[in-house]
Every structure is written in C-alpha cells, then in structure tokens.
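Report on the structure
Here is what each chain is made of, one letter per residue.
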Amino acid sequence: MPIAELLDERRYLRDVADSMLSRRSEAESVVDETYRRWFGLSEAARRRIKAPRSWLARTVDGICRSRLAQPFLDDDVTHEGETAEVRRAAARPAAVPEAEVSRVQPMALDSLSPARRVRFLLEDVFGMAPGTFTNVWGHPVPERTEAQQLLHFLRLRRSTPTTPQQHDAAVRAVRQACLNDDVDLLASLLDPDVAAFFDGGGKVRALPRPVHGRWHVAHSLLKLLTCHPGTTLTTHSVNGRTGLVAHYGHQVAAVVSLDIADDQVAQVWAVLNPDKLLTWNQTPAQTRPPA
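1. Quick notes on the sheet that holds strand 4 (residues 241-248)
Judged by pairing direction, the sheet is mixed, and its 6 strands sit side by side in the order 2-1-6-5-4-3 without closing on themselves. Every other strand in the sheet has two partners, leaving strand 2 (211-212) and strand 3 (231-238) as the edge strands with one partner each. In this structure, strand 4 lies alongside strand 5 (residues 251-261), joined through 5 bridges in antiparallel fashion. Residue alanine 246 lies in a different strand from strand 5, and its bridge partner there is alanine 254. Along the sheet, helix 10 (residues 164-179) contacts strand 3, strand 4, strand 5 and strand 6 (264-271); its crossing angle with strand 4, the most-contacted strand, is approximately 25°.

As structure tokens, then:
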C-alpha cells in the first residue's frame, strides 16, 4: 500500500472520530484501537474484506458510539464477504497484536537458550508457522528452507565490510530505481535472500509480516514508495549511515534503513509507525541537510 494511501487513510479515520468526539487525543486513541482490531483479525479474514477503509470507518463509528455511551447501531449491519469473525472484531476490542520485532532488545535474546533463540527468529521474525521449528530440527528439510535463509543472512552479516562510499552508492542506486519505478533494476540491487521488515506499529496498514526474496521485496518497496503527487523520496542520514526518507507533503511518512553486504542490499527496515516518526516530524524537513 503506498505511503500516501496509508497516511490519507489514517487521517480520514481521525476525521471521522473527530466529528463524533470532543477531544483530539481521544480521536487518536479511537483510531489506534481500530487498527488493533484490524490486525487482530486473521489474514484470511482481512482478505475477505473487500473495502477495508469502509470496514475501518464503521469500526471507528462503533467505538465512538460506545465511548459516548450510545448503543452500537450498526451491530446488525453486514457487508458482503464479511464473516462472524470480522463482525465481532468490528464490535469488540481485539487481542493485543504481536510484539513488534524492532522492540526486541539484544539482552532479551541473549537471555534465551540457543534453541529458543533460533525458534524465536524462525517463527516470530521470519514468519514460519508454529510447529515448523520441530520439523526443521527433527527431520530432513528441503534444500531452500527458511532455516537456511536465516543461516544465509547470518553469513551475509559476516561478509566483507562495506565502506561508507559503497553504502552510499548502493542506497542512491536503490532510490533511483524507486524513482524510475524500475523493478528489474531494483531487484538487481538486492541480495537473492534479502528480507524486508515494515514497522507500522499496528497504527497503519503496513505489511504485518516480513517479505523475503529480491523480487517480492522489490515489488513491495515500489508499491510503498511509488511516486504519488506530493510524495518525495530523498537520501538522509539514518542511524549514522545513509538511508531513505519518504515525505508526503510536509510530513515524514517513512524512514528506510538498508543493510548492505557485498554491494547488495541484504536487509531493509522501513519505519512507518507514526509514533516512531514523531522526532522526524518535529523539525521541518528543509532544516535537515541532505546526506
């Protein structure tokens, strides 16, 4: 989903809540709760919703009515393709979503045994189904499994160090490929086993699972960073190295960090969580010098 649509959707939902509630902070809370319910649905249930924005707006309306101590008038309203699971999620709080991978601290991983650490990485970070861990370690596995992809990535982390100049050149090449909407060029800049993580914090409809493989990642990045009117993509220092910053209007909408190994992108971290971008949006973009 393009960042322009991500931000426009959240603003729209906030406007719906604002029109029903008196306090802006309460409207933001309603929108956050709405997205929690969305991500509380199973992937299959989300796919069955043909008009996600309409579902989200209806959920905002229901939460606002509940907070105003009014009956939920839309309880019996159904939409084509919705199941009981979807309707229940729109009417009630959902379970707390999965913990964000980016919040896991190294010391927490260090406290785990090697086996549990690998299990966490395979199931929670790389999205393998629960129970796969036992199969991987208890039986022979296919040639290119997620476990081997993880080992390949760890080998990349120990590859030849990238100089700042090489890193800058790789990031600028990625930016140019995105600006040109050139999926072939972008894919050629990515490692075959590249992994991309999209941190929406459960507050925008970013991809909830990591994306793997150069073609899947290339298409996901182009879809996210596609140039809509008012959207710009620039290079900027991110965590001490050159990264990408996407603006929508005057707002920073995404900050992308790239890990480079052997002149190819091995990992992509895209921060889309509005809370994590507050610092970026406190200072006008024009006051920050380009990388």
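2. Some details on helix 10
Helix length check: helix 10 (16 residues) gives 22 Å between terminal C-alpha atoms against 22 Å at 1.5 Å per residue, within 8%. When we look at burial in helix 10, the residues that qualify are His167, Ala170, Val171, Val174, Ala177 and Cys178. Looking straight down helix 10, one finds that the buried residues subtend no more than 120° of arc, so they occupy a single side. Here the buried face of helix 10 lies against helix 11 (183-188), helix 12 (214-225), strand 3, strand 4, strand 5 and strand 6. Phi turns positive one or two residues past the end of helix 10, at aspartate 181, with a value near 55°.

3. Remarks on the packing of aromatic side chains
Going through the model one piece at a time under the given rule, you end up with 2 aromatic pairs. Arranged with centres 5.5 Å apart and planes meeting at 65°, the rings of tryptophan 38 and tryptophan 55 form a pair that is edge-to-face. Here tryptophan 38 is found in helix 2 (residues 24-40), whereas its partner tryptophan 55 is found in helix 4 (residues 52-67), with 17 residues between them in sequence. Aromatic side chains phenylalanine 197 and tryptophan 269 sit 4.4 Å apart centroid to centroid with 15° between the ring planes, which places their arrangement in the stacked category. Highlighted residues: phenylalanine 197 in strand 1 (residues 190-199) and tryptophan 269 in strand 6, separated in sequence by 72 residues. The class of phenylalanine 197 is buried, set by a relative accessible area of 6%.

About the cut-offs
Residues numbered from 1 in each chain as written. Predicted model: local features only at pLDDT ≥ 70, side-chain atom pairs only at ≥ 80, totals over all residues. Heavy atoms only, no water. Pairing = 2+ DSSP bridges. Helix = DSSP H or I, 4+ residues; strand = E, 2+ residues; numbered from the N terminus. Contact = heavy atoms within 4.5 Å. Axes fitted to C-alpha atoms, helices over the stretch in contact; angles between N-to-C directions. Expected span 1.5 Å × (residues − 1). Buried < 20%, exposed > 50% of the residue type's maximum accessible area, 1.4 Å probe, protein only. Arc of directions from axis to C-beta. Phe/Tyr/Trp six-rings, centres within 6.5 Å; stacked < 30°, edge-to-face > 60°.

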